[in-house]
Every structure is written in C-alpha cells, then in structure tokens.
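# Observations on chain architecture
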Amino acid sequence: MERKIENVKQRASLRAIAAETGVSVATVSRVLNDHVNVAPRTRDLVLQALERRRHETRVRTVYVRCPYVLTDYFGLIVSSIAETLKLHGLRLLLDAGESGRHTDALRGLPAEPGVDAAILILPPEEGDALVALARSGFPFVVVDPRTPPPPDIAAVSAAHSSGARAVADHLIGLGHRDIGVIAGPEEWLAGDARLAGHRAALAKAGVLLTPDRLRHVEPTTAQGRRAAAELLDSAPRPTAIVCFNDKVAVGTLQAARDRGLRVPEDLSVAGFDDIDLAEATDPRLTTVRQPLQEMGSIAVTQLMRVLDGHRPEALHIELATTLVVRESTAAP
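Residues numbered from 1 in each chain as written. Predicted model: local features only at pLDDT ≥ 70, side-chain atom pairs only at ≥ 80, totals over all residues. Heavy atoms only, no water.

Further remarks concern the layout of surface pockets. Of the voids in this model, the largest pocket is the one considered here, and its volume is about 520 Å³. Taken together, 23 residues line the largest pocket, and the ones lying closest to its centre are Tyr68, Phe74, Trp188, Pro219 and Asn245. Secondary-structure elements contributing two or more residues to the lining of the largest pocket are α5 (72-87), α8 (189-204) and α10 (246-258). Split into classes, the residues belonging to the lining of the largest pocket amount to 10 nonpolar, 4 polar and 9 charged. Volume-wise, the second largest pocket comes out at about 300 Å³. Lining the second largest pocket are 17 residues, and of these Ala134, Asp152, Ile153, Ala154 and Leu315 sit closest to its centre. The dominant element in the lining of the second largest pocket, judged by the number of residues it contributes, is helix α6 (residues 127-135), at 3 residues. (1 Å grid on protein atoms, 1.4 Å probe; cavity = no way out; pocket = protein on both sides within 12 Å on 5 of 7 lines; lining within 4 Å. Points joined across faces, edges and corners; volume = space filled by probe spheres on them. Helix = DSSP H or I, 4+ residues; strand = E, 2+ residues; numbered from the N terminus. Nonpolar A, V, L, I, M, F, W, Y, C, P; charged D, E, K, R; others polar.)

Here's what the structure looks like:
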C-alpha cells in the first residue's frame, strides 16, 4: 500500500506516534526512514497510526451549492457560511450560478474526491434525491429548503408562517381589510408557509382571501410588477398589497407609480426578507427581516456535529423573523 510518509513526517510528532502505538521513538524513526530491521507487525502498527494521523490533519472540504445568482439574499447566506467554515478550519468549495440548477450535482457527491460534506442552499432537487444522498452516508445540511425536508435530513430555515402573519397583522391593525397577496410559487415551502400566515391573520380578522385578490409569481421584480398591475386594475382595487419578498414589493411600487398611485397614501405595500433593497426604495419598505447570516452560521454548526459523528441537536431549525415597519404602510 502506498504511504505518503514524507507529508506525514512534516506534521506528526514522533513522540505522539510512539505513545499511540506503544513502541519507542527510535522504532518510529526507523519505520519513517524505511529501515529493514523492524518487525513486520510493528511496521504495520506504526504505518496505520501514520495513516490515521494523515487523515486527521487533512483540511476537510465542504461543498456549498447555491444554484442561483449571488444577490444580496443568497450572497449574505453564502458569505456567512464561508466565514463560519473558515473559523472551523474547513475549506469551502463553492458551486453557484443558475446553470447549476440543470446539473445532477448530488448524485456524484459521495464519490467526489476530497469533498467531505455539503451545504445545499434552496436545492431544486426533489426530496427523493436528498433521501438518496442521505442514505449514502454523505453528510449534508439544507438551508432554506424549497420543499418540506424529509424527516431525517438536517435543515435550517426562517419561520416563514409567523413572519407573514406578523406583516398581515400589521396591515389589519392599520385598518386594512381589502388586502391583495402576491405569493411565491405554489410548490415552494416558503411560498406555502407565508401564504398560510397571511390567510391565518386575515381569517382572524374575519376576512376571506378570495382568488381575485391572490397571485402566485416567481419572486422577481418584473413578476411582481405584472401581478400588482392586475390587482390594481381591478375594481375596487385593494388598499394594501403584501408581497412574497422585497423584489416583488419593488415591482408593486413600480406598478403603483405607473398608475399615479401614491404609497402609502393610496396603497400600502409590504415585502419580506429585508434585503438592502428594502431601504433603498422611496418610500422605504415595511418588510419582514429574515436572519440570513444566522441561517448560514447555524448550518455550519449543524454540519460540524454531523462531521464529528453526532446527530444534530435538532433536525429542522426555524429561526425567528422580525417585522420591520417603515414608510410604505399606513392607514387606508
């Protein structure tokens, strides 16, 4: 068996190897220098200890997959993961960009040379692919899962439902009852959870969210502008629109401006995420802050437990969100 003894010599202490194997320092030295006057069994014992130490001292690599453009949303998560991995002495292998959505990246991970674990951000794969990866024994954690994660897979996300309920409660508290909702994709876990939060708040106030007041869109500014235009062109138009995220909310502000509507005097608009864009609008957006950096750091903490052979303290972690009230919402 090939032994990379020269690399080990630079890192290992002769005394530590001797203490571990129960042989003398001189014997360890003779094995390292390939002397012939060492018993075969003793040589194997020392070589096995050297091999273990070589694996222990190798810097472990974590594959981070984010098949999206690294905007302020995904960029904050990835930056937090990178910084936390560095603190733990782990190496980052980043795979980012939309082209990654169309590759079968997960299938080959267990056999990927030099990759010890993975963090998957909003993975587009179906749950079966995640289950297959878990069954292979390959350690990984999911951040912001797109669909409900299988029960034995570690995942970190924000408390979408309670955050959405908080922003809808805020609008209701201002006096709004005719509220339009621009929700996310129906197949997304976050979209479903946020819509459930909106519905719960409206139902508590005795308001039914009717189909004509609901739109499902991809979470982009352009899609938000289109959906808001449909809602604002209805008669009567809603007095407030609550949006899946801040980008959709920006599109809603554009649609209101296109129609000569003032925000918040004629229309209240609220978003979700609290990315930098939320404070760059005029007026500044009322929104729900997601703990994006905390999501990244906790994902690394969870992964470290798995790498060290422990079960995560909690498989599915939901981090609290915070309502941030700014100038885009007011009484109708």
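Before going further, it helps to examine the pairing of strand β5 (residues 155-158). Side chains of β5 alternate between two faces, with Ala155 and Ser157 and Val156 and Ala158 buried alike. As judged from the 2 bridges shared by strand β4 (residues 140-143) and β5, these two strands associate in the parallel manner. Along β5, the bridge assignment pairs Val143 with Val156. Alignment of β5 against strand β11 (residues 316-319), held across 4 bridges, turns out to be parallel. Note that in β11 the partner of Ser157 across the bridge is Glu318. (Buried < 20%, exposed > 50% of the residue type's maximum accessible area, 1.4 Å probe, protein only. Pairing = 2+ DSSP bridges.)

Our focus in this paragraph is the nonpolar core. Counting 34 residues, the largest nonpolar core has Val62, Ile77, Ile81, Ile119, Ile121 and Met295 as the members making the most contacts within it. Taken together, the elements giving at least two residues each to this core come down to β1 (61-66), α5, β3 (117-121), β4, β5, α12 (292-307) and β11. Counting residues per element, this core draws most heavily on α12, at 7 residues. Residues in contact with Ile81, not counting those within four places in the same chain, are Val64, Ile119, Ile121, Gly296 and Val300. Judged by nonpolar contacts, the second largest core, of 20 residues, contains Ile182, Leu231, Leu232 and Cys243. (Core = buried A, V, L, I, M, F, W, Y, C linked by side-chain atoms within 4.5 Å. Contact = heavy atoms within 4.5 Å.)

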